[in-house]
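Structural overview
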Amino acid sequence: MAYVILGTCINDAACVDVCPVACIHPAPAEAGFATADMLYIDPQICIDCNACAEACPINAIVREQDLTPKLLRYKTLNAEMALARSKVA
Amino acid sequence: MSETIYSYCQYCMCMCGTKIVVDGNRVVDIEPDRENPFSWRDFCRKGKTAAQVIDHPQRLTRPMKRVGDRYVEASYEEAITDIAARLQRIIEQHGADAVGSYSGNPLGFNFAGTMFWNGLLDAIGTGNRYWVGSVDQNNTHVVQEQMYGTELMALIGDVDDAKCFLFIGMDPAQSKFVWMETVPDGWNRVLEAQRKGAELIVVDPRRSTTAERADTHVAILPGQDWAFLLGLLHVIFSERLECTDTAVPLSGVAEIRAMAMSAPLDDLADRCGVAVELIRDVARRFATAERGMCITHTGVSHTPTGTIAEWLAAVLNAVTNRLDQPGGKRIEPGYIDLIAIWSKFAPPGKHRTRLRDQPTVAGFHSLAELADEITVPGAGQIRAMLIAAGNPVTSGPDGDALDQALSQLDLLVSIDFVQRESHRHAHWLIPGTHFLEREGLHVLFAGLVELPFAQYARRAVKPPDGVMEEWQFFTELALALNRNLFGKPGVNKIIRASRWLARLSGKPGWALNPRWIERLLVKSGKRLKYDDILRHPHGWLYGKKEYGHLARALRTPDKTVHCAPPRFLFALRRELTEHRTRTSAAFPMLMVNRRVRESMNSWLNETPGLFEQHRSNAVEMHPDDAAALGLESGQWARVSSATGTVELPVVIVAGGRAGVVAIPHGWGSRIFDPRAAGRTRTFGVNRNLLVDRRELDPFSQIPSLNATPVRVEALAVRPQHAAPATSAVH
Amino acid sequence: MSVPNQAAALRVAIVGAGPSGLYAAVELLRRDARATVELYDRQPCFGGLVRSGVSPDHAERRRVSAFYERLALASGRFRFHGNVEIGERISHADLCHHHDAVIYASGLSADRSLGIAGEDLPGSHAASDFVAWYNGHPDHAQRHYDFDHERAVVVGNGNVALDVARMLLLGAARLRHTDIAEHALQALAGSRIREVVILGRRGPAQASFTAPELLELIEQDEFEVVIENDNSFQHPAEADPGIALRLRLFEEIRRRPGSAGARRLVLRFLATPLEIVGGERVTAIRVADNELVAHADGALRARAGTSTHVIDAGLVFRSVGYRGRPPAGLPFDAATGVVPNRAGRVFDPRGGDQYRGVYVAGWLKRGPRGVIGSNKPCSRETVDALLQDAAAGKLECVADRDALDALLAECGADRVDYKGWKAIDEQERLNGLACGRPRVKLVEMTDLLAAARAPARRRAA
């Protein structure tokens, strides 16, 4: 299980600062932050600790289990973006 | 050349497996060790930033000796010689009890340190031993002793199979389910069980993160958990919802039934501020759930009736057959006989305090008594203090009184990482070590964890050059005092002989060290081999979860769980006949504590990588209370009690009980720089200054850190003297 | 407890209470434990474009402003001075005189023009003005838009173009649940618009719509989405994962089943506007079909082809970017559209000298790019520069706090402090509560100021 960033994300990156496992990308120090559409959580790395959800100023991060059907799409979106990044890296 | 070391985080009982990347003697990164078969999913920023604590700018790396208003560096030899000579003088003139001691939470995670600390105190022969448990967990020890016949009967929540969770005074979303138990990933597993249909009932005056998730949130009046719990028992017994055929034999059920039935439900409801119907509803849901558990944590223990409430919660579990049942509470036998060994580490001492004639709990006296034991003159007055990894001025009640007391000592020695609030008046500052710098097997943890699990903690980096580990220092001090370590004749001779042999043979391991004792203890358990544990760098899950151990583990003479210990019945009857309101016109509100995941009591808050936003505590208020005072979030308030006053920013939090304010503890402890007098760092304020050191739970001797009567006033402007809320070097 | 420090605490003016100003304030307060921040805004409200730019159906994003407001406030070293326009009663020189440093974070508000005929016709508007109007910005509340034609055209391929299109297409039933300005809600309730065409000069791969906005088009069921002039086949194997993702989302949009009779959004690519057509007012827009040509640097650029089309429309919105009006007293680079700066330090583009104590952050510093959070590292960099300069002794404040308070007092009773803003905020929420909406914004300056001055009322239960 993992947390998921929703499309309302504004790239504030407060979540990046608190993540204990650095699974949120792109971090402000990483390439691609300036042009990123939104940030995403790598579900393979996420440890479900909830720190990001607490830190998010606009409540744009939710537990995977709590996604409404309409938002389920963001689960795959986060995973896809994570996968794309790992392929580039 | 970087190297990877597997160990586990030793800040809290989550025991998250860690993967530590080290380059030379420097930690490059710490990550959760996903190969650890037991725990890593609770990994948090505390573990992530552990290496920043090693590099603490104010860290002590040499013994420091007070000279006038300053500190100067000294050698260990000088330190040990001087401390031993002064202790010796005090003991000779005033007796061993004139040497007091206090140990804090971090020492508990340092098994070698704990063993040799006790060894040193036994060498000195003092009965004046104080510890952090007396502001935290002592109620559990008292209840366990009365009900199960041993002070340590760690009952662990079996969360996956539960159908009903009744959490009282706990916030596992923040605490990650740890207190006197370790359930790895416990909070997420509770949520998972809830998703599959389990009910989550949370009793907490505040709208905690956990309460947010609850199916039912009971915003109870602080300090009245006992009345709520007795109400539940009243309903359960009245409606015959109890189990008459429990897995673990019970005694005293008739007595507690009579007591519960005789208490009028509307009176109990009135006392705890929870509607009769809600009490009935919770009672029925809990009792009729197929499997379930009631868990009480510090929200309960920190109240004047924390022991009574802890007992009633245990009775609730017992009579609904939640003990040693799937989805209830069970014990993990571990690989050593924990109950036997615990009684060696925390012997049921005969020592009583001089002034209030109080017994020990789990081998130690209550921190709340320490200030008076130092200041009130007379035979047996404490004149010297050793403080190991402790910060009692901040952790305990009425820190101002203790600070005053510590300033009067003939000798104050602290053994810690940095010079903290409680070490302000220290004559000697002895450097401590960090868990990243130590190794060892914490055999006591074997019985506090959910599953049969063992892991040897590995050292990631060496302590700074020349810094002794705590156990080494304690040993040297006992040798210098010429008093046998552990108080056992001949031990010092064995130490000297073993050292001589080690030198002669060129094998340092031959000199007495904590591994000897760890090996002996593992061997005594006859279940595992020490070397096999060493062979599992990620930790070793050596068995499966089992039930059926509790009945055998009982140490009561009749091998039953005592549901109605006379002392508790008596106290409960008295509580029922008195009707005390904690609030008054002068102090109309009640203060409670709260958990903050990044905070570890008073000793990590200044770590740069923790607290990205607010590096401070604040007073959380109900919107109605704030509105009545014209307070907005971000404004400042003065919170006063009969004992003290603090000023701090306000945060308005809806959803909790009006009339209750929450302030997290552990803040406002200064960090001193002994090399630069006058330079201190502080974050937040110490809310325990509001807590009376004389109002104690009569059994646990825990002060009322919760349900503290207070008054809140709006401050027109932010106080000038206040420590800045975000960061401060001044 | 504290030992008084000899050096005076830093006092910094920040102009603009939008995201970059707030980020700068919080960063400064966090990094320097003694610094004080005086935050100025020409509006009596917090938020800047978070309040008046973020689309009403994305109101969750507005929370960011309140979040950082609270952080700034918690420091106890922060004051807000709303409804104070720098250059009027307080000049740039006044600010410099009364603070150690000034950070301009006042953003860019003017729109870029298309530079084609008919752009000044009634019915041709800047998207930025329209956005400010439906968000209830007091400067734009009096505007008027005619929604009596069935089609509107939006020129531009960024998120603002999509915001405009959604507002035109969502319908009053949906908009009623947002914090859209009351006047806009009423005007849009009578709208006859059935179709919005968004024009882009290049193709989907070059469009600046972000993935979440595209996903939103897929997830919504208020209107149909049609893609015209698709050249995605030119990008069979896009290497950039971000673009590849967007192309996949376009593909999903394309496959989305249509719904007959519904309103529709047309994403028309490869089209350059040539002329806005009309006599008294806009009646159509003439566009040229483009093709994409690879240049030597590998970039694909649009080249106008020979065929042209006329699209009937009653409204044309241009959404091709923002431009700056430089704050009075600051240099400005017309070519790049920003205040010349090095890591936030304003300098004279001719002599190269640093303007002592003057900094920029946000769009004024780096141009109109990025999302809300892009301003955070930007403001951090500026604060870094400022603190370095402070440490190097390059900053000084001539006047003391009393002098500043005297200057502020000269602004008169119309100045709105933080309590005033909270009173506005509360009034707007209460107004919303009365009619089942999250908030009804006050759009007239007189109403805003009256609310700011109203005595604090008890919070609604």
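Residues numbered from 1 in each chain as written. Chains lettered and ligands numbered in written order. Predicted model: local features only at pLDDT ≥ 70, side-chain atom pairs only at ≥ 80, totals over all residues. Heavy atoms only, no water.

Observations regarding the interface of chain A and chain C
For clarity, the threshold we go by: Residue contacts are counted whenever heavy atoms from the two residues lie within 4.5 Å of one another. Accessible-area loss on putting two parts together, using a 1.4 Å probe and summing over both, is the definition of buried area adopted here. Salt bridge, as used here: a side-chain nitrogen of Lys or Arg that lies within 4 Å of a carboxyl oxygen of Asp or Glu. Polar contacts, as counted here, are pairs of nitrogen or oxygen atoms within 3.5 Å of one another; within protein the pair requires one atom able to donate a hydrogen and one able to accept it, and residues that are adjacent in sequence qualify only if both atoms are side-chain atoms. What counts as a helix is a DSSP run of H or I of at least four residues, what counts as a strand is a run of E of at least two, and both are numbered from the N terminus.
In this assembly, 25 residues from chain A lie in contact with 27 residues from chain C. When the two sides are added together, the surface that chain A and chain C hide from each other amounts to roughly 2200 Å², 56% of it contributed by carbon and sulfur. At the junction of chain A with chain C, the criterion picks out five salt bridges. Where Arg380 of chain C meets Asp17 of chain A, a salt bridge forms, and the shortest distance between an N and an O atom there is 3.6 Å. The tally of links between chain A and chain C comes to 11 residue pairs in polar contact (both at pLDDT 80 or more). Of all elements in the fold, only α1 (14–18) and α3 (73–88) of chain A reach the threshold of two or more residues within the side of chain A that touches chain C. Per element, the largest residue contribution to the side of chain A that touches chain C is seven residues, and it comes from α3 of chain A.

Side note on the packing of helix α5 (residues 127–134) of chain C against helix α6 (residues 159–169) of chain C
Residues and elements named next belong to chain C. The condition is simple: Interaxial angle, 0 to 180 degrees, is taken between N-to-C directions of lines fitted to C-alpha atoms, where a helix line uses only the stretch in contact. Should an angle fall under 35 degrees it is called roughly parallel, over 145 degrees roughly antiparallel, and 65 to 115 degrees roughly perpendicular, with every other angle called oblique. In this scheme the crossing of two helices becomes right-handed for a clockwise turn of the near helix relative to the far one and left-handed for an anticlockwise turn of less than a right angle.
Two numbers describe how α5 lies on α6: the axes approach to 10 Å, and their chain directions differ by 50°. By the angle class used here, α5 and α6 are oblique. Read as a crossing pair, α5 and α6 show a hand that is left-handed. The residues of α6 that touch α5, namely those facing Ala127, Phe130, Val131 and Tyr134, are Val160, Asp163, Val164, Met167 and Leu168.

Looking at the environment of Gly324 of chain C
Residues and elements named next belong to chain C. Tracing the backbone shows Gly324 in the loop between β15 (322–323) and β16 (341–342). For the pair formed by Gly324 and Tyr104, sequence separation is 220 residues and the distance between their alpha carbons is 12 Å. The residues contacting Gly324, other than those within four sequence positions of it, are Leu108, Phe332 and Gly337.

Observations regarding the domain arrangement of chain C
Interfaces are often sized by the amount of accessible area the parts lose when they come together. Residues and elements named next belong to chain C. Put simply, the test is: An automatic or database domain assignment is the source of the domain bounds shown. Only Asp, Glu, Lys and Arg are considered charged in this grouping, and only Ala, Val, Leu, Ile, Met, Phe, Trp, Tyr, Cys and Pro are considered nonpolar; every other residue, Gly among them, is considered polar.
You can read the domains of chain C as domain 1 (11–109 + 324–416) and domain 2 (112–318). The C-alpha centroid of domain 2 is placed 33 Å from the C-alpha centroid of domain 1. Counting from both sides, the interface comprises 14 residues of domain 1 and, opposite them, 18 residues of domain 2. Interface area, domain 1 with domain 2, both sides summed: about 1200 Å², of which 42% is carbon and sulfur. The largest share of the area that domain 1 buries against domain 2 comes from Ser52, Pro56 and Asp57, three residues that together contribute 41% of it. Across the domain 1-domain 2 interface, the total number found is four salt bridges. Between Asp139 and Arg42 there is a salt bridge, with its nearest N and O atoms 2.6 Å apart. Counting the contacts that link domain 1 with domain 2 gives 11 residue pairs in polar contact (both at pLDDT 80 or more). Here the residues of the side of domain 1 that touches domain 2 are counted per class, giving three nonpolar, six polar and five charged.

Section: unusual backbone geometry
For the bond running from His25 of chain A to Pro26 of chain A, omega is -15°, close enough to zero to count as cis. Backbone geometry places Asn229 of chain C, a non-glycine residue, at a positive phi of 55°. Take Asn229 of chain C: it is sitting in the loop between β9 (223–228) and α10 (241–255).

Digging into the interface of chain A and chain B
At the interface, 18 residues of chain A touch 19 residues of chain B. Contact between chain A and chain B buries roughly 1400 Å² in total, counting both sides, with carbon and sulfur atoms accounting for 44%. When the buried surface of chain A facing chain B is broken down by residue, Pro20, Ile47 and Arg63 of chain A rank first, second and third, together holding 34% of it. Where chain A packs against chain B, one counts two salt bridges. The salt bridge involving Asp66 of chain A is made with Arg213 of chain B; its shortest N-O contact spans 2.7 Å. Our count for the chain A to chain B interface comes out at 11 residue pairs in polar contact (both at pLDDT 80 or more). Listed by contribution, the elements that provide at least two residues to the side of chain A that touches chain B are α1 and α2 (51–55) of chain A. It is α1 of chain A that contributes the most residues to the side of chain A that touches chain B, three residues altogether.

Digging into the nonpolar core
Defined as follows: Buried Ala, Val, Leu, Ile, Met, Phe, Trp, Tyr and Cys residues form a nonpolar core when they are joined through side-chain atoms within 4.5 Å. Only protein chains enter the area calculation, which uses a 1.4 Å probe; residues under 20% of their type maximum are buried, those over 50% are exposed, and those in between are partly exposed.
The biggest cluster of nonpolar side chains holds 316 residues, and the ones touching the most others in it are Trp311 and Tyr335 of chain B together with Leu265 and Leu267 of chain C. The contacts of Tyr335 of chain B, once residues within four sequence positions are left out, are Leu441, His442, Val443, Ala446, Phe453, Ala454, Val522, Gly525, Arg527, Leu528, Ile533 and Tyr542 of chain B.

So, the pattern of salt bridges
Applying the stated criterion across every chain yields a total of 95 salt bridges over all chains. A salt bridge links Arg59 of chain B to Glu437 of chain B; the nearest nitrogen and oxygen atoms lie 2.7 Å apart. One end of the pair, Arg59 of chain B, is in the loop between α2 (50–54) and β4 (64–67); the other, Glu437 of chain B, is in the loop between β18 (428–431) and β19 (440–441), with 378 residues separating them in the sequence. Take Glu437 of chain B: its relative accessible area is 0%, and that puts it in the buried class. Ionic pairing is found between Glu213 of chain C and Arg166 of chain C, a salt bridge with its closest N-O pair at 3.9 Å. In this pair, Glu213 of chain C is assigned in helix α9 (residues 211–219) and Arg166 of chain C in helix α6, connecting sequence segments 47 residues apart. We classify Glu213 of chain C as buried; its relative accessible area is 4%. Given a relative accessible area of 3%, Arg166 of chain C falls into the buried group. Put simply, Arg51, Glu69, Lys422, Asp425, Glu428, Arg429 and Arg439 of chain C are held in one network by salt bridges that share partners.

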